[in-house]
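One-letter residues, chain by chain:
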Amino acid sequence: MRLGVLDIGSNTGHLLVVDAHGGAAPLPAYSYKEPLRLAEHLDGEGAVSQTGIDALTAFTAQALVVAEDKGCEDMLAFATSAVRDAVNSEAVLDHVHESTDVRIEVLSGEDEARLTFLAVRRWFGWSAGRLAVFDIGGGSLEIAGGADESPDVAWSLPLGAGRLARQFFGGGPPDDEAIRSLRKQIRAEIARDAGHLLRAGSPDHAAATSKTFRSLARICGAAPSGDGPLVPRSLPREELREWIPKLVAMTPEELADLPGVSPSRTHQIVPGALVAEAAMDIFDLDELEICPWALREGVILERLDQISVLG
């Protein structure tokens, strides 16, 4: 069947059209996305502004047209931390529904981590053993671990690269004090619940997903996306550590010239790198293998599993 998966993230709205069948890998057929930047359309009270609501509604309406044009039988629509954390999230989603007839589901942080874990497990398979998965988004960091398809532990932390960039670097380039303060906060947040994952022992395999991790891996020498998803890619801790001072010293223009970095996300590279380094240090991981599948694929796979059971 052909499915449309509408992912409303903190940075981007993304419709992925896939050909999906039970027992087979979801095959991407078409992609449509726009930089909604919902996390930057929050007012002082934490509500999505009218500008943000209008942008989300317009994108959803266009995504519905695209999904219909591409022959989708169904569209799965979900939102993550930017909408989840907004104080007016229910009103925002009601407005989108009334305007487009599309009902967007808000995923909890735990569900986001769980579904991402499912996707990574299916990608690497059972040979990966006990698996640890990390996902840095625009608004949150998801961590999950376990030996099965459902993780034993899964949680979310407010350590998204976009969120941290706004909180700590909103006034311009970070100084040494801002970097030190941010680094301290990140490590305290991750370490607070690290025992959830560490209690079962070191993972046999550690993996990472998301644009932030892919960009960092590319900066550290991983193969470009044009080489295809089957090429192994990883993010080594020591190479990342060596890069961080260089990244801090770079201008936005210099960051945008780095491989794998889009100009719209240059402000997120440093906080994202600090989160990645902290996670690898706290969980004592020498490297993270980059998985091309993430939350969207997890949503698709769970839906296919449900159809299979119902069938």
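Whatever comes next refers back to the structure up there.
Everything quoted here is computed from the prediction, not taken from an experiment.

## Thoughts on the packing of aromatic side chains
Applying the stated criterion to the full structure yields three aromatic pairs. A centroid spacing of 5.2 Å and a plane angle of 65° characterise the contact between Trp123 and Trp293, whose relative ring orientation is edge-to-face. Linking Trp123 in helix α4 (residues 109-124) with Trp293 in the loop between β11 (287-290) and α12 (295-310), this pair joins segments that are 170 residues apart in sequence. Pairing Phe134 with Phe283 gives two aromatic rings, centres 5.5 Å apart and planes at 50°, and the pair type is tilted. Within this pair, whereas Phe134 is found in strand β6 (residues 131-136), its partner Phe283 is found in the loop between α11 (266-282) and β11, the two being separated by 149 residues in sequence. Like Phe283, Phe134 is buried. The aromatic ring of Tyr30 is capped on one face by Lys70, whose charged end is 4.2 Å from the ring centroid. Cation over ring: Lys246 sits above Trp243, and NZ or CZ is 4.8 Å from the ring centre.

## Details of the pattern of salt bridges
One pass over the structure, following the stated rule, counts 22 salt bridges. Across the pair Arg114 and Glu302 runs a salt bridge whose closest N-O atoms are separated by 2.7 Å. Here Arg114, found in helix α4, pairs with Glu302, found in helix α12; they are 188 residues apart in sequence, far enough to count as distant. Accessibility expressed as a relative area gives 26% for Arg114, which makes it partly exposed. Residue class for Glu302 comes out partly exposed when judged on its relative accessible area of 25%.

## Considerations on the sheet that holds strand β8 (residues 153-157)
Taken together, six strands build an open sheet; the order of strands is β8-β7-β6-β9-β11-β10 and the sheet is mixed. The open sheet has two edge strands, β8 and β10 (234-236), and neither has a second partner. This sheet shows a mean twist of 20° between the axes of neighbouring strands, independent of strand direction. Here β6 runs beside strand β9 (residues 205-209); their pairing, made up of five bridges, is parallel. The residue of β9 that forms the bridge with Asp135 is Thr209. Relative to the sheet, α11 contacts β6, β7 (141-146), β10 and β11, its axis offset from that of β6 by approximately 165°.

## Some remarks on helix α3 (residues 89-100)
Here α3 spans 16 Å end to end across twelve residues, near enough to the 16 Å set by a 1.5 Å rise per residue. Within the span of α3, buried status applies to Ser89, Val92, Leu93, Val96 and Thr100. Down the axis, α3 shows its buried residues gathered within 90° of arc, on one side only. Residues of α3 that are exposed and point more than 90 degrees away from the buried face comprise Glu90 and Glu98. Those residues of α3 that are buried lie in contact with α1 (50-69), α2 (81-85) and β5 (105-106).

## Describing the sheet that holds β5
Spatial ordering of the open sheet is given by β3-β2-β1-β4-β5, a layout of five strands whose pairing is mixed. Two strands close off the open sheet at either side, each with one partner strand: β3 (27-34) and β5. Here seven bridges tie strand β2 (residues 13-19) to β3, and the two strands are oriented antiparallel to one another. By the bridge assignment for β3, Val17 is matched with Tyr30.

## Here's the deal with unusual backbone geometry
Its identity as a non-glycine residue notwithstanding, Arg37 has a phi of 50°, on the positive side. By secondary structure assignment, the location of Arg37 is in the loop between β3 and α1. Its identity as a non-glycine residue notwithstanding, Asp101 has a phi of 70°, on the positive side. By the secondary structure assignment, Asp101 is in the loop between α3 and β5. Exposure remark for Asp101: the relative accessible area of 62% places this residue in the exposed category.

Each value, and the rule that gives it
Residues numbered from 1 in each chain as written. Predicted model: local features only at pLDDT ≥ 70, side-chain atom pairs only at ≥ 80, totals over all residues. Heavy atoms only, no water. Phe/Tyr/Trp six-rings, centres within 6.5 Å; stacked < 30°, edge-to-face > 60°. Helix = DSSP H or I, 4+ residues; strand = E, 2+ residues; numbered from the N terminus. Buried < 20%, exposed > 50% of the residue type's maximum accessible area, 1.4 Å probe, protein only. Lys NZ or Arg CZ within 6 Å of the ring centre and 35° of its normal. Salt bridge = Lys/Arg side-chain N within 4 Å of Asp/Glu carboxyl O. Pairing = 2+ DSSP bridges. Axes fitted to C-alpha atoms, helices over the stretch in contact; angles between N-to-C directions. Contact = heavy atoms within 4.5 Å. Expected span 1.5 Å × (residues − 1). Arc of directions from axis to C-beta.

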